[in-house]
Amino acid sequence: MSRGGGAGKVYFVLYLAVVLELLIIIVERDEAEESLLKKQKETMRIVESILSQLQSGSGTEGINTRPQDEITIPPPGVDIKEVLGAEIKSFRKYFVEVGVTDVSAAIKRKEEESEKEHIQRLKTLVTLANVAEIEYEIFYNSSEDPNKAPPFLSDTEISKRKLDFSKFTPGEVIVNDLGDEWEFLALRKLNLDRDATFDGLDLDNISADAMHPVYPRDQEVRIGDDYRPAEVSEDSLFYYSDIASHVASGGAAPSGMQKRSFVVNFQPPSIAGWYKLRFTSRTNRILGVRADVDRKHIDENSTVNIGTVQLTVKALMKVRKTLESTLEKYQLPAAEVLLENDGLEKFDSQLNEVIKIILVEDNAIELKGKMELYSYIAKLLTPGQSVNFKQNRGSIEFDIRVITPNPPTANPVIIVNNDIHRFDAIEPMFRVSISPYRQGANQITGFVYNESDVAAGEPVAQISFEPVTEEEPPAGGSRAYYGRVNQKLTPGPNGNPRRYALKLTHALSGKTGDTSSVLTIYPTIVEANIQDLANRFDALAAYGNYMNFNYIPPSGNKILSDQFCFKFKTDTDPQDRGCQRGYSAKNTDKLFFDANASKASLEIVWKDPITGVEVPIFPLKEVSIKQSSPKILVNNATSSIGGAEDRLKIRVTNIKISHPNVGVENDPNRQANIDLSVELKKVRVTQNYRASGKPKVTIKDNIVTVEFDLVGEPDEDAWAKGSVDLKLTAIATNPINKKQSRPTKKTYSIKIRKKFDEAPIYNDNE
């Protein structure tokens, strides 16, 4: 059941890396001796042979778990022990094992390696030794075939259709070539935090066994219901297990970590049919040039990894150049094709066409090996392409048949989530399931009550029901419906929620089955929350800032964050950013106030999980982007007093000016221009000392020095006493858009105390 390459392939990759090193040494030398050329040809043939095995060999441990399974779930209200004569377990725990690179032999610091180089290599080893991301998907098909589930799409077909299940919504259907439908139910995706994983290492006691991966919950993608047993916590639905990884890797740390294990706790709903659990993983067994590197400016001294073996980009470029020269007449696809839209498919398609043409030549096998080697190196050297190597990806799927015994005496049943949360802006909708189904005989009714007077009160609204799909289930099976309340419901006062009671009835053949649920209605608009974010938006809307926020919706954490999204744009965005999932943003989301923009807008919406209708919980707000004001810092300013008794010379220094940003994202240190003015205010010194002329202001390295004179005479005791206030005003001007900031004003008070029959006195003002 495994896909994506295993131990055999990894050994081929490592062997390939060693042979490439030999090939690189040969290519770098430019002697033309016959023996050298002979060695080069022999090495190329070895590489081609290994590459051929690498691409066609079978794998054993890319990703695997147990195969087809069967779960029996009793319908609600049925004593299954009485019917079947035994208790049954209606949920399962599965272990998913993903092969990773064993880095245990490469951890020790090399003799020629500096501490900094060792740390950098350790960061790479942490990446190699762990699973970068793993996705768990659940699909459903209502087939009653007891032996096998309908076919699903192959990995090739999924890739060809460009299906990204992390963009699906529950209930979305995919159809295979035979017309079979699989309904998407849920998805969970764990993403490795490489920095947090490395930070958790004890650098004095490093081992592959200690490279515990960190998968933060706030970086997990969650779509749809949990499908987990009630006794299992949300954090234990799908998680990494260090203990299981030890067992899968042989149980002893010295042997290294060859596998990482993940645990899934799965319990299907009481709906019969086939459930498909599909897992896809991305590891880092092969690390090519990073995706964020500009192809035109690749550092030739940087390295790529094939397993724990490192090769320089410069050396690989020389090998590629040799292959391009050798195969010039065959018009190989240029490596630049990989950068285009659908570039990988175009590149492979063009290469396969060339290979078909040369298959008739006498040396076809040798030529094919060289072309595949060229393809391998081209992908290693193209930014971001190494993630597409088969050795870095794996997938597996297995089917679970769920049966729900329906004894003839079974009563009609209706099932609904016992805790539903919605907003007041639209009529609430929710999903229910009934059983047993009999065409034309099932009757479903529902009413909404105020929770406080459900026993004696009148209903405040009615509920209508419509099937989720037009396809009818077999007799005796179950059928899903959408329940729709016939009107909007009001929340509680003062921005608080209000709880309603739902009473649902399923009638069949003179019997009835009842159930109830709690529906909580939240206000869509809470002015206090909106004003808080609006104020933050106004405050942050300055050139060079990022718009980061954490907006708490009126529902708190009762509604999953992936049902919300926000829309941010400026008047210079080249295209619509779309609706970004969640209700919070960090600097890494790149909501940047650029110098070329003048306005920005923000809106946060909740998307109804059933209808997809967008409900604004933070209505669209537009702001004008401003230039930030400079800062004037006088905490460490000092002053000195000199001169004669009839002309005091005052000098103030160490006043600091802070330049604000101007909004150039790729040049964050670019600063605004500052216009600074200084005035003398409130000269209060004995014997009518007064200012003589304007202050002299000098600025160097953002340090301001102010010099000025006071003329007058001391008192009869030869003292000049009092104070002088300096008023400083600074305005920033953006050099790109010429916008000016609001003025920053600061007053600095100077104490004057000098006696003229003594040496000069210096006063430091804190």
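Residues numbered from 1 in each chain as written. Predicted model: local features only at pLDDT ≥ 70, side-chain atom pairs only at ≥ 80, totals over all residues. Heavy atoms only, no water.

Asks: Which residues make up the environment of Asp145, and what are the values?
Replies: The topology assignment puts Asp145 in the loop between strand 4 (133-141) and helix 5 (155-160). Asp145 gets classed as partly exposed once you look at its relative accessible area, which sits at 29%. Once the C-alpha coordinates of Asp145 and Trp274 are considered, the two residues, 129 residues apart in sequence, prove to be 8.9 Å apart. When residues no more than four places from it in sequence are discounted, the contact partners of Asp145 are Trp274 and Arg401. (Helix = DSSP H or I, 4+ residues; strand = E, 2+ residues; numbered from the N terminus. Buried < 20%, exposed > 50% of the residue type's maximum accessible area, 1.4 Å probe, protein only. Contact = heavy atoms within 4.5 Å.)

Asks: How would you sum up the state of the cysteines? Please name residues and give values.
Replies: As enumerated under the stated definition, the model contains one disulfide in all. Here Cys565 is linked by a disulfide to Cys579, with a sulfur-sulfur distance of 1.9 Å. Handedness of the Cys565-Cys579 disulfide follows from its S-S torsion of about 80°: it is right-handed. With a gap of 14 residues between them, Cys565 in strand 24 (residues 564-570) and Cys579 in the loop between strand 24 and strand 25 (580-581) connect regions that are remote in the sequence. Assessed through its relative accessible area of 31%, Cys579 is described here as partly exposed. (Disulfide = S-S within 2.5 Å.)

Asks: Mind laying out the environment of Asp294, listing which residues take part and the relevant values?
Replies: Turning to its location among the elements, Asp294 is positioned in the loop between strand 11 (286-287) and strand 12 (303-306). For Asp294, a relative accessible area of 41% translates into the label partly exposed. When the C-alpha atoms of Asp294 and Pro383 are compared, they prove to be 7.4 Å apart, with 89 residues separating the residues in sequence.

Asks: Can you break down the packing of aromatic side chains residue by residue, with the values?
Replies: Overall, the coordinates contain 27 aromatic pairs when judged by the stated rule. Relative to Phe398, the ring of Tyr94 has its centre 4.9 Å away and its plane inclined at 70°; by these criteria the two rings are edge-to-face. Taken together, the residues span a long stretch of sequence, with Tyr94 in strand 3 (residues 92-99) and Phe398 in strand 14 (residues 393-403) at a distance of 304 residues. Residues Tyr94 and Phe398 agree in their burial class; the two are buried. Ring plane angle 65° and centroid distance 5.6 Å describe the contact between Tyr240 and Phe262, whose orientation is recorded as edge-to-face. Here Phe262 lies in strand 9 (residues 259-266) and Tyr240 lies in strand 8 (residues 238-241), a separation of 22 residues in the sequence. On the basis of relative accessibility, which here comes to 0%, the residue Phe262 falls in the buried class. (Phe/Tyr/Trp six-rings, centres within 6.5 Å; stacked < 30°, edge-to-face > 60°.)

Asks: Please give an account of the side chain of Glu603 that cites residues and values.
Replies: Here Glu603 shows up in strand 27 (residues 599-607). For Glu603, which is buried and forms no salt bridge, the nearest opposite charge comes from Lys567, at a distance of 4.2 Å. Not counting residues up to four positions away in its chain, the partners in contact with Glu603 are Cys565, Phe566, Lys567, Pro616, Phe618, Pro619 and Leu620. (Lys, Arg positive; Asp, Glu negative; His and termini not counted. Salt bridge = Lys/Arg side-chain N within 4 Å of Asp/Glu carboxyl O.)

Asks: Explain the pattern of salt bridges to me, and be specific about the residues and the numbers.
Replies: Applying the stated rule across the entire model yields 36 salt bridges. The closest approach of N and O atoms between Arg278 and Glu137, which form a salt bridge, is 2.9 Å. Placement of the pair is Arg278 in strand 10 (residues 273-282) and Glu137 in strand 4, with a sequence separation of 141 residues. Taking the relative accessible area as the measure of exposure, Glu137 reaches 0% and is therefore buried. For Lys370, the salt bridge goes to Glu366, with nearest N and O atoms at 2.7 Å. Of this pair, Lys370 and Glu366 both sit in helix 10 (residues 364-381), four residues apart, roughly one helical turn. Classification of Lys370 as buried rests on a relative accessible area of 8%. Overall, Glu366 belongs to the partly exposed group, its relative accessible area being 33%. Through salt bridges that share partners, Glu137, Asp155, Lys276, Arg278, Glu397 and Asp399 make up one connected network.

Asks: Describe in detail the sheet that holds strand 36 (residues 744-755), supporting the description with residues and values.
Replies: Strand order in the open sheet made by the three strands is 32-35-36, with antiparallel pairing throughout. Two strands lie at the open edges of the sheet, namely strand 32 (673-685) and strand 36, each paired on one side alone. Recorded for the sheet is a direction-independent mean angle of 20° between the axes of neighbouring strands. (Pairing = 2+ DSSP bridges. Axes fitted to C-alpha atoms, helices over the stretch in contact; angles between N-to-C directions.)

Asks: With reference to specific residues and values, describe the sheet that holds strand 25.
Replies: In space, the four strands of this open sheet follow the order 25-24-27-28, with antiparallel pairing throughout. Two strands lie at the open edges of the sheet, namely strand 25 and strand 28 (614-624), each paired on one side alone. When strand 24 meets strand 25, the two strands line up antiparallel, connected through two bridges. Among the inter-strand pairings, Cys565 is bridged to a residue of strand 25, identified as Arg581. Each of strand 24, strand 27 and strand 28 touches helix 11 (residues 527-540); the most contacted strand, strand 28, lies at about 35° to it.

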